[in-house]
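Structure assessment
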Amino acid sequence: MNTAAEASHSHSSGHDHKKCVSEALGTAERLCVVRGVQLTPIRHQVLELIWDSHKAVKAYELLDRIKPLQNAAKPATIYRALDFLIEQGLIHRVESLNAFVGCSCSGHQHEQLLLICNNCQEVEERSAPDVMQALSQEIKQADFIVHSKAIEIHGICATCAQTMSSEQV
């Protein structure tokens, strides 16, 4: 989500979430074919459940939601699917919540800035190139070897802030 239009939340009127999900799943299917990896039915179902909203979802929530579809699903089943989806860059782990969210920039390696709303629980992914460049310079000056880079910021999204301020009137 790089532009203001792309950054609209799923609970705002300008966001077509069905299109969002369809595009994410289509991108995942294409990337897996190009990379020669299998997007198995269980991996596809886990990805679809993650994209059900823009809220971060925990592994055991996924297990509870997938049980009716895959009766034999176990925690290891979900964790293997999550590991695959992370490895392919199709989802992100939200470390501070111990949960997962769909990647809106699948298809290319990137760093992420995750804005996490404490009110509605939605997670917005931003590229924030200026922030990431400044961070990279600091890391380089420290001669630090990075394995992964993500910044998670908790607060209140614009939609919730607007709702809260209109309720106070």
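What this report covers is the structure whose coordinates are included nearby. (Residues numbered from 1 in each chain as written. Predicted model: local features only at pLDDT ≥ 70, side-chain atom pairs only at ≥ 80, totals over all residues. Heavy atoms only, no water.)

Brief notes about the nonpolar core
This is how the line gets drawn: Buried residues of nine kinds, namely Ala, Val, Leu, Ile, Met, Phe, Trp, Tyr and Cys, make up a nonpolar core once their side-chain atoms join them within 4.5 Å. Think of it in three bands: residues with accessible area under 20% of the maximum for their type are buried, residues over 50% are exposed, and the middle band is partly exposed, with areas taken using a 1.4 Å probe on protein chains only. Counting from the N terminus, the helices are DSSP H or I runs at least four residues long and the strands are E runs at least two residues long. Two residues qualify as a contact provided that any one of their heavy atoms is within 4.5 Å of a heavy atom in the partner residue.
Residues Val46 and Leu82 are the most contacted members of the largest nonpolar core, which totals 28 residues. Of all the elements in the fold, those that place two or more residues in this core are helix 1 (17-35), helix 2 (41-50), helix 3 (59-66) and helix 4 (75-87). Per element, the largest residue contribution to this core is seven residues, and it comes from helix 1. Aside from chain neighbours lying at most four places away, what touches Val46 is Leu62, Ile66, Ile78, Ala81, Leu82 and Leu85. With seven residues, the next largest nonpolar core counts Ala56, Val101, Leu114 and Ile116 among its residues.

Comments concerning the pattern of salt bridges
Convention followed: Salt bridges are defined as contacts in which a side-chain nitrogen from Lys or Arg sits within 4 Å of a carboxyl oxygen from Asp or Glu.
Under the criterion given, the structure shown has four salt bridges. As a salt-bridge pair, Glu23 and Lys19 come within 3.8 Å of each other at their nearest N and O atoms. Of this pair, Glu23 and Lys19 both sit in helix 1, four residues apart, which is roughly one turn of the helix. Exposure remark for Glu23: the relative accessible area of 44% places this residue in the partly exposed category. For Lys19, a relative accessible area of 48% corresponds to the partly exposed category.

With respect to the sheet that holds strand 4 (residues 123-126)
Stated precisely, the cut-off is as follows: Pairing between strands requires that DSSP locate at least two bridges from one strand to the other. Axis definition: a line fitted to C-alpha atoms, limited for helices to the stretch in contact. Angles are taken between N-to-C directions and run from 0 to 180 degrees.
The three strands lie next to each other as 4-3-5, forming an open sheet whose pairing is mixed. The sheet is open, and its two edges are formed by strand 4 and strand 5 (150-155), each paired on a single side. Strand after strand, the sheet turns through a mean of 20° between neighbouring axes, direction not considered.

Looking at the environment of Glu61
When you line up the elements, Glu61 lands in helix 3. For Glu61, a relative accessible area of 37% translates into the label partly exposed. Between the C-alpha atoms of Glu61 and Ala99, which are 38 residues apart in sequence, the distance is 9.5 Å.

Focus on the packing of aromatic side chains
Defined as follows: Any two of the Phe, Tyr and Trp rings considered here, Trp counted by its six-membered ring, make a pair once their centres fall within 6.5 Å; the pair's planes then place it as stacked at under 30 degrees, edge-to-face at over 60, or tilted in between. Sitting over a ring, as applied to charges here, requires NZ of Lys or CZ of Arg to be within 6 Å of the ring centre and within 35 degrees of the ring normal.
As enumerated under the stated definition, the model contains one aromatic pair in all. Ring centres of Tyr60 and Tyr79 lie 6.4 Å apart, and the angle between their planes is 70°; this geometry places the pair in the edge-to-face category. Placement of Tyr60 in helix 3 and of Tyr79 in helix 4 is noted, with a sequence separation of 19 residues between them. Residue Tyr60 is classed as partly exposed on the basis of its relative accessible area of 49%. Among the residues examined, Tyr79 registers a relative accessible area of 36% and is labelled partly exposed. Positioned above the aromatic ring of Phe84, the side-chain terminus of Arg43 is 3.7 Å from the ring centre.

Focus: empty space enclosed by the protein
Applicable threshold: Cavity: a set of points on a 1 Å grid over the protein atoms alone where a 1.4 Å probe fits but cannot get out. Pocket: an open set with protein on both sides within 12 Å along at least five of seven lines, its lining residues, like those of a cavity, having an atom within 4 Å of a point. Grid points are joined across faces, edges and corners, and a volume is the space filled by probe spheres set on the points. Residue classes follow a fixed rule: Ala, Val, Leu, Ile, Met, Phe, Trp, Tyr, Cys and Pro count as nonpolar, while Asp, Glu, Lys and Arg count as charged, and any other residue, Gly among them, counts as polar.
A full pass over the atoms with the stated rule returns one cavity of 30 Å³ or more. There is about 70 Å³ of room inside the largest cavity. Lining the largest cavity we find 12 residues, and of these Trp51, His54, Val101, Gly102 and Val123 sit closest to its centre. Counting only elements with at least two residues in the lining of the largest cavity, the list comes to strand 2 (99-102) and strand 4. Of the residues in the lining of the largest cavity, the class split is six nonpolar, five polar and one charged.

Here we look at the side chain of Glu124
Our working rule: The term polar contact refers here to a pair of N or O atoms within 3.5 Å; inside protein, the definition further demands a hydrogen-donor-capable atom paired with an acceptor-capable atom, and it admits residues adjacent in sequence only when both atoms are side-chain atoms.
Here Glu124 lies in strand 4. The exposure class assigned to Glu124 is buried, which follows from its relative accessible area of 8%. A distance of 2.9 Å separates a polar atom in the side chain of Glu124 from a polar atom in the side chain of Arg126.

Any link to function would need more than the numbers given here.
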